[in-house]
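Report on the structure
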Amino acid sequence: MFQSCADPSAIDGLNWLACYLTTGKHMLFYKSFFVVLSLLAITAPAALALGFAGAMASRAHFAPIRWLGTLYTSMVRGVPDIVFFLFVPLAMDQAFEWLRHKVKCPDWSEPIRQGNDFLVCAEAKLPLNSAPQSVHELYGFTLAVLAFSIVFGAFAANVLAGAMKAVPHAQIETAESYGMSHRQSFWRILVPQMWIFALPGLSNLWMILIKATPLLFLLGVEDIVYWARELGGTKTTQYAYPHPDWRLWYFLALLVFYLGFTRISELVLERLTRKLSHGQATLVGEEMRKAT
């Protein structure tokens, strides 16, 4: 990156370290932190939306919808996460390619499944072989987001369903006795109050989501774990910057990153808890009421 880094063998000390930490692979390593943060920023609201839909479905009066909501939460929560993280991207990838195959290659006569092989026409491949590398990376990241959202959405649905039940039913009855419809009492009474009951469970879910981001490595996404292992491994003299096994230091950096991010999350969640507790009949809400 720097002019002085043209010949790594001619430098040493801090100059060598500065050149080493600014190589192209290290830039990809730093970029991978953005990939992890992007996953969290997209997955959290998507999982919350799926969870809210699942919680509403589990409370539906129409039995088939209620069964569907219960099946979603029970099935996903009952299967190990790693199975879903490996199964969902593969299944969705093949589903997308199968749909494109039916549209783009209607005259295809050979079977798509031939033993263990899944064969579609070249036009139906996702992404196309001619697509740039960035498109392949974005597609893999999108499949990972879908997998994370489905899995954590099921856990969020269970948390939100419990929070809805925790809101005193007498308040719903009072609202309806004043002329509110069931829909009005749900959106104006139940939903605003359920968040304080859901926040402890959602906070734990957020922490688990943070700790689950290294699973991106298993999904083929070049995340921070991939680059920590790649850069930290032993490099012989055939490389521009030879060094012994430094994986300990790279993974120590990841440890600091995750601990720091977790601590920031705790501070934000504590502040959010106090804000949502204002005026609520909870322990923190009662402490705030007495203090004022």
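Before any of the text, the structure's been laid out above.
In short, a report on the structure. (Residues numbered from 1 in each chain as written. Predicted model: local features only at pLDDT ≥ 70, side-chain atom pairs only at ≥ 80, totals over all residues. Heavy atoms only, no water.)

**Observations concerning the overall build of the protein chain**
Just so we agree on the cut-off: Helix and strand definitions follow DSSP, with helices as H or I runs of at least four residues and strands as E runs of at least two, each counted in order from the N terminus. Here the radius of gyration uses the C-alpha set of atoms, whereas the globule reference equals 2.2 Å times the residue count to the power 0.38. Exposed residues in this analysis have more than 50% of their type's maximum accessible area, buried residues have under 20%, and partly exposed residues fall in between, with area computed by a 1.4 Å probe over protein chains only. Note on areas: Shrake-Rupley with a 1.4 Å probe; residue coverage comes only from the protein chains shown. Asp and Glu count as negative and Lys and Arg as positive, but His and the ends of the chain are not part of the count. Every charge is mapped onto a representative atom, which is NZ of Lys, CZ of Arg, CG of Asp or CD of Glu.
Each helix and strand in the protein chain was counted, giving 10 helices and 2 strands. The C-alpha radius of gyration of the protein chain comes to 25 Å, more than 25% above the 19 Å expected for a compact globule of 292 residues. Oriented by its inertia axes, the alpha-carbon framework of the protein chain measures out at about 80 × 65 × 30 Å. With 292 residues in all, the protein chain has 37% of them scored as buried. In the form shown here, the protein chain has an accessible surface area of approximately 17600 Å², with 65% of it arising from carbon and sulfur atoms. Between the centroid of the 23 positive side chains of the protein chain and the centroid of its 20 negative side chains there is a distance of 10 Å.

**Thoughts on the packing of aromatic side chains**
Using the following cut-off: Between the rings of Phe, Tyr and Trp (Trp by its six-membered ring), a pair exists once the centres lie within 6.5 Å; its type follows the angle of the planes, with under 30 degrees stacked, over 60 edge-to-face, and the other angles tilted.
With the rule as written, the count across this model stands at 19 aromatic pairs. Taking 5.3 Å as the distance between ring centres and 10 degrees as the angle between the ring planes, the aromatic pair formed by tryptophan 16 and tyrosine 20 counts as stacked. Within this pair, tryptophan 16 and its partner tyrosine 20 are both found in helix α1 (residues 13-20), separated by 4 residues, close to a single helical turn. Taken as a pair, tryptophan 16 and tyrosine 20 share a single burial class, namely buried. Here phenylalanine 152 and phenylalanine 155 contribute two aromatic rings whose centre-to-centre distance is 6.5 Å and whose plane-to-plane angle is 50 degrees, an arrangement assigned as tilted. Taken together, the positions of phenylalanine 152 and phenylalanine 155, both in helix α5 (residues 133-166) and 3 residues apart, correspond to about one turn of that helix. On the accessibility criterion, phenylalanine 155 (25% relative accessible area) is partly exposed. Three or more aromatic residues joined by ring pairs make a cluster, and in this case those are Phe29, Tyr30, Phe33, Trp206, Tyr250, Phe257, Tyr258 and Phe261.

**Some thoughts on the packing of helix α8 (residues 224-232) against helix α9 (residues 247-277)**
The condition that has to hold: Whenever a helix is involved, its axis is fitted only over the stretch in contact; in every case the axis is a line through C-alpha atoms, and angles between N-to-C directions fall within 0 to 180 degrees. By definition in this entry, angles of less than 35 degrees are roughly parallel, angles greater than 145 are roughly antiparallel, angles of 65 to 115 are roughly perpendicular, and the rest are oblique. In this scheme, a crossing is called left-handed if the near helix is turned counterclockwise away from the far one by less than a right angle; it is called right-handed if the turn is clockwise. Contact criterion: two residues are considered in contact whenever any of their non-hydrogen atoms come within 4.5 Å of each other.
Where α8 contacts α9, the two axes come as close as 8 Å, and the packing angle between them is 155 degrees. Taken together, the axis directions place α8 and α9 in an arrangement best described as roughly antiparallel. In the packing of α8 onto α9, the handedness of the crossing is right-handed. On α9, the residues that touch Ile224, Val225, Ala228, Arg229, Leu231 and Gly232 of α8 are Arg247, Tyr250, Phe251, Leu254, Phe257 and Tyr258.

**Considering the state of the cysteines**
Rules: Two cysteine sulfurs form a disulfide in these notes if their separation is within 2.5 Å.
For the structure on display, the rule yields 1 disulfide. Here cysteine 105 pairs with cysteine 121 through a disulfide, and the sulfurs are 1.8 Å apart. On the S-S bond that ties cysteine 105 to cysteine 121, the torsion sits near 90 degrees, and the link is right-handed. Here cysteine 105 is found in the loop between α4 (81-104) and β1 (113-114), whereas its partner cysteine 121 is found in the loop between β2 (117-118) and α5, with 16 residues between them in sequence. Neither cysteine 105 nor cysteine 121 differs from the other in exposure class; each is buried.

**Description of the nonpolar core**
Formally: To define a nonpolar core, start from buried Ala, Val, Leu, Ile, Met, Phe, Trp, Tyr and Cys residues and group those joined through side-chain atoms within 4.5 Å.
Phe29, Phe148, Phe152, Met194 and Ile224 are the most contacted members of the largest nonpolar core, which totals 61 residues. With residues near it in sequence (within four places) discarded, methionine 194 still touches Phe52, Leu160, Ala163, Met164 and Val167. In this structure, Cys105, Ile112, Phe118 and Ala124 belong to the second largest nonpolar core, which totals 6 residues.

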